[in-house]
Amino acid sequence: AVVDVGSARKAFHPIVGGKRRRLRVDAGGKTGSAEKASAAGRYKNTWFIAFAPFDDPEVAVAMVVEHGEFGGTTVAPRVYNILKRFYGETEDVRK
């Protein structure tokens, strides 16, 4: 899954206090981005779609950020915090 070995790995396995953290449940997801041109120039829209638990999903989250950098760095940390709160883990480790 992208949350274990892909572009969202750092968001879903952050290092806090010198230790790598993760959700209590396994999650799956997919990042994405698309370039868009406008009169002001080019920019990216980025997104991340996640679900958990991996084997028997009970929740899914999709988020799009206009003018983002990459799905794994711009959006995945925000989705990670949403899933943490859904599972009762209240401390946000990345904003």
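Residues numbered from 1 in each chain as written. Predicted model: local features only at pLDDT ≥ 70, side-chain atom pairs only at ≥ 80, totals over all residues. Heavy atoms only, no water.

Participant: Which parts of the structure should I look at to understand the overall build of the protein?
Facilitator: Of the regular secondary structure elements, the protein holds three helices and five strands. Ordering the α and β elements of the protein from the N terminus gives α-α-β-β-β-β-β-α. Relative to its full complement of 95 residues, the protein shows a buried share of 38%. Of the contacts made within the protein by residues no fewer than 6 positions apart, 45% connect residues no fewer than 24 positions apart. In the structure as shown, the protein presents an accessible area of about 5800 Å², 52% of it carried by carbon and sulfur atoms. (Helix = DSSP H or I, 4+ residues; strand = E, 2+ residues; numbered from the N terminus. Buried < 20%, exposed > 50% of the residue type's maximum accessible area, 1.4 Å probe, protein only. Contact = heavy atoms within 4.5 Å. Areas by Shrake-Rupley, 256 points an atom, 1.4 Å probe, with all protein chains shown as cover.)

Participant: For this particular structure, what's the right way to read the pattern of salt bridges?
Facilitator: When their charged atoms lie close together, side chains carrying opposite charge are able to pair. Tallying each qualifying case throughout the model produces one salt bridge. A salt bridge links Arg 42 to Glu 35, with the nearest nitrogen and oxygen atoms 2.8 Å apart. Considered together, Arg 42 and Glu 35 belong to a single accessibility category, that of exposed residues. (Salt bridge = Lys/Arg side-chain N within 4 Å of Asp/Glu carboxyl O.)

Participant: I'm lost on unusual backbone geometry in this one. Help?
Facilitator: Negative phi is the rule for most residues except glycine; trans is the rule for most peptide bonds. Here the amide bond leading from Ala 52 into Pro 53 is cis, since omega sits at -15°, within 30 degrees of zero. Despite not being glycine, His 67 shows a phi value in the positive range, around 60°. You can call His 67 exposed: its relative accessible area is 55%.

Participant: Hey, could you run me through the sheet that holds strand S3 (residues 28–38) in this one?
Facilitator: Across a sheet, strands are paired by hydrogen bonds formed along the backbone, either parallel or antiparallel in direction. Taken in spatial order, the three strands of this open sheet run S3-S4-S5, and their pairing is antiparallel. Taken across any chain shown, the strands that pair with only one partner, and hence form the sheet edges, are S3 and strand S5 (59–68). The average undirected angle you get between the axes of adjacent strands in this sheet is 15°. Strand contacts of helix H3 (residues 71–86): S3, strand S4 (41–52) and S5, with the helix running at about 145° to S5, the strand carrying the most contacts. (Pairing = 2+ DSSP bridges. Axes fitted to C-alpha atoms, helices over the stretch in contact; angles between N-to-C directions.)

Participant: Looking at this structure, I do not really get the nonpolar core. What am I missing?
Facilitator: The tendency in soluble globular proteins is for nonpolar side chains to be buried as a group. Counting residues in hydrophobic clusters, the biggest one holds 14 residues, and the most contacted among them are Phe 48, Val 59, Val 79 and Leu 83. Breaking this core down by element, the ones donating at least two residues are S4, S5 and H3. Here the element with the most residues in this core is H3; it accounts for five residues. (Core = buried A, V, L, I, M, F, W, Y, C linked by side-chain atoms within 4.5 Å.)

Participant: Could you clarify how one ought to interpret the pairing of S3 in this entry?
Facilitator: Inspection of the sheet shows S3 paired to S4 by 11 bridges, in the antiparallel sense. Paired with Ala 34 across the bridge in S4 is Asn 45. Connecting S3 to the antiparallel partner S4 that follows it, the hairpin turn spans two residues.

Participant: In this structure, what is going on with a nonpolar patch on the surface? I would like to understand it.
Facilitator: A grouping of Trp 47, Ile 49 and Val 64 is seen on the molecular surface, where their side chains present a nonpolar patch of about 280 Å² in accessible area. Residue position: Ile 49 is located in strand S4. (Patch = residues over 30% accessible without salt bridge, like charges linked within 9 Å, V, L, I, M, F, W, Y side chains within 5 Å.)

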